[in-house]
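Reading the structure
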Amino acid sequence: MKLLTHNMLTSHVKGVTKGYPLLIKATEVKMNEVEFNPQFVSRMIPKLEWSALVQAADELGQRQDLPGELVPDYEKNEDFLKKVHRLLLEVEVIEGCLQCPESGREFPISRGIPNMLLSEDEA
Amino acid sequence: MDPSVENNVRAVRRSKEEKKVLKRQIKASHTLLKHEGISTTSQPTKSLVVANGGLGNGVSREELSAVLKEMGELETLIMHPHKPYAFVTYRSEECARKAHVHLNGEKLQCGGNSVTLYLSFVDSVTCEEEASVPLPEGLVLVEDFVSPEEEAQLLAAIDWSSANDDITAQKALKHRRVKHYGFEFRYDNNNVDKDKPLPAGIPQECLPALELCVRNKHINIMPDQLTVNQYESGQGIPPHVDTHSAFEDTIMSLSLGAQTVMEFRHPDGRLVPVVLPGRSLLVMKGESRYLWTHGITPRKFDTVPACDPQSPALTPPDVRTHSNLTLSKRGTRTSLTFRKIRHEPCRCAFPSACDSQGAPSTSPPSPPSLPRCHDDAAQLEEEYVHRVYDAIASHFSSTRHSPWPQVCHFLSSLPPGSVLADVGCGNGKYLGVSTEVGCDRSSALIQICAERGFQAFVSDALSVPLRSATCDACISIAVIHHFSTQERRLAAVRELVRLLKPGGRALIYVWAFEQEYNKQRSKYLKEQNKEHPENHSPINKASEDSHRPVDNIQDVSKVTDGKLSVHTNRTSFNTQDLLVPWHLKEGKRQGEEESGEGVKKEKRKEKSKKSSGNSCSADSSSSSTRSDCNPDPCPGFDSNMTPGSVQETSDATHSPDSKPSPSDDSAHNTTSAPKSESSPVPVFHRYYHVFQQGELELLCGQVAGVKVQSSYHDQGNWCVILEKDSIEMN
């Protein structure tokens, strides 16, 4: 699971109102090499929930010097875009789980795949 | 004239017709040698092999012997079951020679077919006299148990009219008719509601026969449950053991009307066919009741012993030896099965088949029903969608490689950087285009996505763990037709709409009931031409129309009693809710091609799988044909199909190389595969609700805040593009 995906995921346990962002508990993280496309990254940024990305980066110990808030004029800031690119597309959680911040329910991540299936009573 | 000269003259004058017959007779004898090991001789003998004069090709003993007797007196006539030939031995060589001369090329009309007989001399006739197979232990057959008058009285005593709506449904689906007295036997759990006796007990008219059973010591206690089964020709009942915990030991079945053949099977594989004449009583006790299964193969003709009163030497005792058999056409048979309800757990000596002693209850052979509530629906989908996809994932994925042009068109029309969700992404066929994430219910398929480098997760389409209004676009390709109630299909659409941002668009594809549209047959149907014609066997009465496209909504049969039938692949649909077979093969690597009849070998372009950039290439309309035998309800994929040949309530057992299956009385199953006799290809059934024209639009119309932007038919699918209102309505 890449952090771009994590940014979209939310807890959908019945009754939960504050299920986003999911907490990441990773036991295995992999680094990939993905071709850097500045335009792509720059288009993605407005669609992201920035604070969730920062929180996720923190949880994985990958934050480095990522700012807590979006810098202005990031479109031209290649340095910044590279950092975002790395976090969004190159960091990958292979094993671990995602935890609902409200209910504590854990969704396993195995072989890079989060299993978000709820049981009958949770849905 | 000197006979030899006469012969020569005759030889010269041999007509073209005679030459043809001679040629064919020689060919027939070659075939017999090659395939059956029968060697013929040119020297006349008393014995002949009659090619095409066999039980195996629908010729009855009576018809054949009538023709043969015209040439002289018969010593023996041997007809092995299922063989397309017979052996006849005449009393004299002269008669045999006469037969050879006059009957070669003789045409016989046998019940609808016309066969041509070819005779050749044989040196000896091997008569496979098998040792007579004994009846299963505990089984007793008493012939002439009731008189014809008593039979008529009993038949009249059964009141079919009050039997409930099931009867109409049974008729519609060509099931045998069933009625219960005393206690109702339930087919969903193969047991009896012991606390709910039926208002009607065993009819008075049955008492004399039952009292006779007691007097003759077949039973000690009077039965209190009666099940009446009425079988038309072609109907049967799958093999089963009567539930131990439901009934006491002795079970008696009185056969009225036409005779039939009931097959008993032992767990070790032994098969014993037993002829049940009309007015006979079958008593099952002990091993024959507790351990052997019994069943009636749905057939129109049975192979039974011949009774030739004029030549007793020709008639053997029973059907268990292989000589002197003939075909008997089935008529309507009514069986009255008398049983005593068991109130204590069963303590029989056959625990392996005993549900009281830990053996699993036989899962009912009846097909699943259309669900009436969410729980049933979820259960049906679990069994007939989710488990199947998990089992077939790699094979399935190997057959889903060509993206459909129209879907690609939708994807490429999205502005760059659009956030896309593919709900029900399967093997990730449409992932890798832009910023997208896929989800699917099948972990096995999502695993394949991960292997291909796509971002995907496992979830249900009814509850997608993405925040509302976060997607620029969603696609749902060939997904919603797997939901088994209208409510769930609606909920799936609502979920897609929830994910969309205002102004966002969703593309939905579902399998269409109408496979032919604007006079164009879909690719799914077109592949049918490549099939072997003998593979189509009727499922229910509507299947006679199976090759005629349904253009009239009135033609659509509703699933009356809720039972789902199995579809014959590559034919038009005749109900909206059905099970579609999938014949499992080892998953093949993409790009691997197979040779086979009608397979077009075309190269397929490998898609680039970058996470950015559009990999939906323009030429993705490649139509490679593989000999994978499963249909993609979508364009862009063609395959050679091996349709299932199926009975109403039992499952397909046939091999992928298109041989028609012989007697289809396989054990029941659901998703786990019954194995065919010739080769073990598992068959899985997936549930589908195929949509009628306009139905998808109507469904989407019920969702607030969204409009149908366009709607079209694409290669056997109904498709809509929805657009979410720009101003979010809550």
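Data block above holds the structure.
The present account deals with the structure reproduced in this document.

About the thresholds
- Residues numbered from 1 in each chain as written.
- Chains lettered and ligands numbered in written order.
- Predicted model: local features only at pLDDT ≥ 70, side-chain atom pairs only at ≥ 80, totals over all residues.
- Heavy atoms only, no water.
- Buried < 20%, exposed > 50% of the residue type's maximum accessible area, 1.4 Å probe, protein only.
- Helix = DSSP H or I, 4+ residues; strand = E, 2+ residues; numbered from the N terminus.
- Pairing = 2+ DSSP bridges.
- Salt bridge = Lys/Arg side-chain N within 4 Å of Asp/Glu carboxyl O.
- Polar contact = N/O pair within 3.5 Å; in protein donor to acceptor, adjacent residues only side chain to side chain.
- Contact = heavy atoms within 4.5 Å.
- 1 Å grid on protein atoms, 1.4 Å probe; cavity = no way out; pocket = protein on both sides within 12 Å on 5 of 7 lines; lining within 4 Å.
- Points joined across faces, edges and corners; volume = space filled by probe spheres on them.
- Nonpolar A, V, L, I, M, F, W, Y, C, P; charged D, E, K, R; others polar.
- Buried area = accessible area lost by both parts, 1.4 Å probe.

A few words now on the pairing of strand β35 (residues 717-724) of chain B. Regular strands have side chains that alternate between both faces of the sheet. All names here are of chain B. A large share of β35 lies buried, amounting to seven of its eight residues. Pairing analysis gives seven bridges linking strand β26 (residues 500-511) to β35, with the strands arranged antiparallel. Its bridge partner being in β35, I508 is matched across the sheet by V720. With eight bridges connecting them, strand β34 (residues 706-714) and β35 associate as antiparallel partners.

A few words on the pattern of salt bridges. Residue and element names in this part refer to chain B. Tallied over the full model, the rule gives 26 salt bridges over all chains. Of the charged contacts, one joins E382 and R387 as a salt bridge, the two residues approaching to 3.6 Å between their closest N and O atoms. The class for E382 is partly exposed, based on a relative accessible area of 28%. Judged by relative accessible area, which is 48%, R387 ranks as partly exposed.

If you trace the backbone, Q576 of chain B turns up in the loop between β29 (565-566) and β30 (577-583). Owing to a relative accessible area of 10%, Q576 of chain B belongs among the buried residues under this scheme.

Bringing the side chain of S29 of chain B into the picture now. Residues and elements named next belong to chain B. Along the chain, S29 turns up in helix α2 (residues 16-36). Residue S29 is classed as buried on the basis of its relative accessible area of 10%. A distance of 2.9 Å separates a polar atom in the side chain of S29 from the backbone oxygen of I26. Beyond its immediate chain neighbours, meaning those up to four positions away, S29 contacts I38, T40 and S120.

This part takes up empty space enclosed by the protein. All names here are of chain B. Under the definition given, this model contains eight cavities of 30 Å³ or more. Reported here for the largest cavity is a volume of approximately 530 Å³. At five residues, helix α9 (residues 374-398) tops the list of elements feeding residues into the lining of the largest cavity. For the lining of the largest cavity, the per-class residue count stands at 17 nonpolar, eight polar and nine charged.

So, about the sheet that holds strand β3 (residues 106-110) of chain A. Where strands meet in a sheet, backbone hydrogen bonds hold them as pairs that are either parallel or antiparallel. Residues and elements named next belong to chain A. With antiparallel pairing, four strands are arranged side by side in an open sheet as β1-β2-β3-β4. In the strand order of this sheet, the two ends are held by β1 (23-31) and β4 (113-114), each with one partner. Across two bridges, the pairing between β3 and β4 is antiparallel. Residue pairing across strands places I109 opposite P114, the latter belonging to β4.

On to the interface of chain B and chain A. Residue-level contacts link 28 residues of chain B with 27 residues of chain A. Across the chain B to chain A interface the summed buried area is about 2300 Å²; carbon plus sulfur atoms make up 61%. Considering only the side of chain B, the residues that lose the most area to chain A are Q455, P465 and R467 of chain B, jointly responsible for 27% of the buried surface there. Two residues, D472 of chain B and K47 of chain A, come together in a salt bridge whose shortest N-O distance is 2.8 Å. Inspection of the region where chain B meets chain A yields ten residue pairs in polar contact (both at pLDDT 80 or more). Broken down by secondary-structure element, the contributors of at least two residues to the side of chain B that touches chain A are α9, β23 (435-440), α11 (443-451) and β24 (456-458) of chain B. In the side of chain B that touches chain A, the residues fall into twelve nonpolar, nine polar and seven charged.

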